Structures are given as structure tokens and as C-alpha cells.
Amino acid sequence: MTTQGGLGAVWPKTADTRQLSWTRSDWGLLLSAAALCAIGALLVYSATRNVEGAGSLVRHLFNTVVGVTLAVVVMRTDFRAIRALAPWVYLGAIVGLVLVLSPLGSTINGSRSWIQVPGFSIQPAELAKVALCVGLAMILAERGERGAPPPRRDVWLAGGVAALPILLVLAQPDLGSALVLVMLSVCVLAVSGASRWWLATIFTAMACAAVIAVTTNVLDPYQRARLTAFADPDGDPTGIGYQVQQVKIAIGSGGWTGEGLFQGRQTQGGFIPFQQTDFVFSVAGEELGFVGAAIVIALLGTILVRAVLIARRAQDSFGRLVAVGVVGWFLFQVLENIGMNLGLMPVTGLPLPFVSYGGSSMFACWVAIGLLENVHLVSLRRLY
């Protein structure tokens, strides 16, 4: 029996319902994410085994287990509770971003993006991605339930809600994460039915900000070099330009089938800094070749396609906008990470979802999978 009306409409929580929830999960989505984590474990181990042994591998697997656990919790949480918790999730993300800029924050690789706690570190910018997915959906969904575009007041409010974490992330500075938040917000606004003038204004502002960042002293020389090295690697031959060149050599040497797992000359020689995080795709390209890299891309593509289908089938505006936010987040991050590995995009330090080493990113990505599964299951319940 289905209870109609209201965003939280769900079946009674009986044993049969719980069993149906598991059997009706989007297994293509879950298995693709799990397969990427498994491939990522091999690639991370290959990139770090000569220096750390199995240390990074163990931590990557531990992060995966924690991430899957978080996904299950989110997946099993009542849909009404997720919407009710959205302001608190957003507030928690803002507090974390403020703490990063306080003496509690730690600077790693030129960005003050981390909070060190005993045993591990936290990157609040990853939580901000989840927070914007649910926060923007909560603000813009109310009118959508009635088939009307959001009023100007709600769009202004959504813009302010998005701008605050974006500005805090830029202050670290972490341009890559800020761009993810921008693209996520644009996707949610576009699907919410907001006027195209809003979107045109946002893209104009982004273009102006990019020109200012490259042509003025707003960014440090190191950060400016990261943005321009993909176009002119020789401009910084001993820094980020060297890194870009080595990544290109690694991927180019892989051929069709690769040099063999744990056999890549660039990877095993340690020529690529931070290869287990930003440039983990180069390990796939060198050691697994075009075929292995294509499998990674196909699995990422499967997640994106399943997320789009979940958004299209969502039975309410809140669920649809949450799913669209995740699509925008994953799509931009995948394109940026693979693009910078291929020398087609600026180096921004964004990890490859589910594949790169990193606890905060892994946790956030699996929470996003939990949100997608929750939207999927609620949609199924309302069809019966």
C-alpha cells in the first residue's frame, strides 16, 4: 500500500518493504562504483608500493568500506529526514570551511584545505558538495512541486546559499573544488526552471573571473602556472609543467594494452608526483593501456547515465534536483580530472571519483551514491 501526498510519501516500514528496497536498488550504479573502487585500489597500490608498501592500499580499502557504510545509511534514511536535515548539513559544511581558514586548518600543496585530526585529515570542501546538492534542492523544489518555476526570491536565496561556500573554498584557495560547486549549482538552477538570464549571468561572471585570475596577481604564481601549464608545459619546466609532461609520457607509452600492472616505467620510477591522487588515471593509461583506461571511463559513464535516469524518473522536484546536483558534480569532476591527465584541461587538483586515493573524496562520493539510491527507491515506491 502506498501513502500519497507530500515529499516523504513512503511505504510502511515492514520486512517485505525493506527486502524490496534492497532487491530494487539500482545495482548498475552500485556495482559500477564498487568496481571503480577496486580498480582504484590496484592503481593506488601500483603508484605507491615502492615508497609506502601496502600502506596507501590499506587506507584506500578502509576509506571504501567507510564510504559504502555511509551510502547504506543515507540510502536507508527516510526521505523526509534527508530534506529536514539539509539545513544542518549545509551549516556543518560552512562551519568546516570556516575552521579550515582558522589556525585549525592545515596547508597542503599550496592550499589551506584540510583539518588534521588524530589518524587522518578532513577536507570540508568535499562535504560542501553534498551540502549544496541537498541545500539548493530544498530551496528550489517547493515551487517545482506545483509545476511552476522558482520565484525570483528563491533564486536569489539559492544564489546566496551557493556563493558562501564557493567564496570560502576560493579563499583556501582551492579553485578545482570551487569550480565543482559552481557547476553543480548551475545544473540545479537550470533544471529547477530558473530564468535563462540567471544562467547567462553566472556564465558571464565565470568567464570574467577566469580572465582576471590568469591576467592579474589575484592568484599566486604557482597557482597561475597550474592553470596555464596544460597549454604551455615549457613555461614551468621544473614545476607543474614537468608533471604534465611526465603524465603525457606515461599515458602515451601505454598503447592499447599497457605495459602491465606494476610494470609502468613512469609509475614505478616515481616520475609523477601525487600520482595516486590527481593523476591516478595516468597509472591506468600506462599500465592497463587504452583498454584499461576505457574500462574506467565506461564505468564512470555508467554512473553518470544511471544518475541521469534516476533524475528523470524522480517523482518529486526535491529528489530530481538532488540527483541533478550529483550529475553536475560528477560530470565536471570526471571531465576535469581526465582532461588534465590528457593535457587538455588545467591542473586543478581534483581527484577522480571512487578511483583516486583520499578519504574525504571517497566518503562524499559514496554519500552521493546513497542519495541517488534513496531517490531511486522513493520513486519506485510511488509507482506502486
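Structure first, text after, so check above.
The structure contained in this document is the topic of the report that follows. All values derive from a computational prediction rather than experimental measurement. (Residues numbered from 1 in each chain as written. Predicted model: local features only at pLDDT ≥ 70, side-chain atom pairs only at ≥ 80, totals over all residues. Heavy atoms only, no water.)

### Considerations on the environment of F62
Inference 1: Among the secondary structure elements, F62 is positioned in helix α3 (residues 55-76).
Inference 2: The exposure class assigned to F62 is exposed, which follows from its relative accessible area of 53%.
Inference 3: With 297 residues separating them along the chain, F62 and G359 place their C-alpha atoms 8.7 Å apart. (Helix = DSSP H or I, 4+ residues; strand = E, 2+ residues; numbered from the N terminus. Buried < 20%, exposed > 50% of the residue type's maximum accessible area, 1.4 Å probe, protein only.)

### Thoughts on the environment of P150
Inference 1: Note that P150 resides in the loop between α5 (124-144) and α6 (152-170).
Inference 2: A relative accessible area of 10% means that P150 is categorised as buried.
Inference 3: As a C-alpha pair, P150 and S192 span 42 residues in sequence and 6.9 Å in three-dimensional space.

### Some remarks on α3
Inference 1: Over its 22 residues, α3 extends 32 Å from the first C-alpha to the last, a length consistent with the 32 Å expected when each residue adds 1.5 Å.
Inference 2: Considered for burial, the residues of α3 that qualify are S56, L57, H60, N63, T64, G67, A71, V74 and M75. Looking straight down α3, one finds its buried side chains confined to an arc of 120°; they lie on one side. Residues of α3 that are exposed and angled more than 90 degrees away from the buried face: V58, F62 and V65. (Expected span 1.5 Å × (residues − 1). Arc of directions from axis to C-beta.)

### Section: the nonpolar core
Inference 1: Counting 98 residues, the largest nonpolar core has W329, F330, F354, W366 and I369 as the members making the most contacts within it.
Inference 2: Each residue touching W329, except ones within four places of it in the same chain, is listed here: K129, V130, C133, V180, L184, A364, C365 and A368. (Core = buried A, V, L, I, M, F, W, Y, C linked by side-chain atoms within 4.5 Å. Contact = heavy atoms within 4.5 Å.)

### As for the pairing of strand β2 (residues 111-117)
Inference 1: Sheet analysis places strand β1 (residues 105-108) next to β2, joined by 4 bridges and oriented antiparallel. When the bridges of β2 are listed, I108 appears paired with S111.
Inference 2: When β2 meets strand β3 (residues 120-122), the two strands line up antiparallel, connected through 3 bridges. Bridging across to β3, I115 finds its partner in I122.
Inference 3: Once β2 ends, the chain turns through 2 residues before running back antiparallel as β3, passing G119 with a positive phi of about 95°. (Pairing = 2+ DSSP bridges.)

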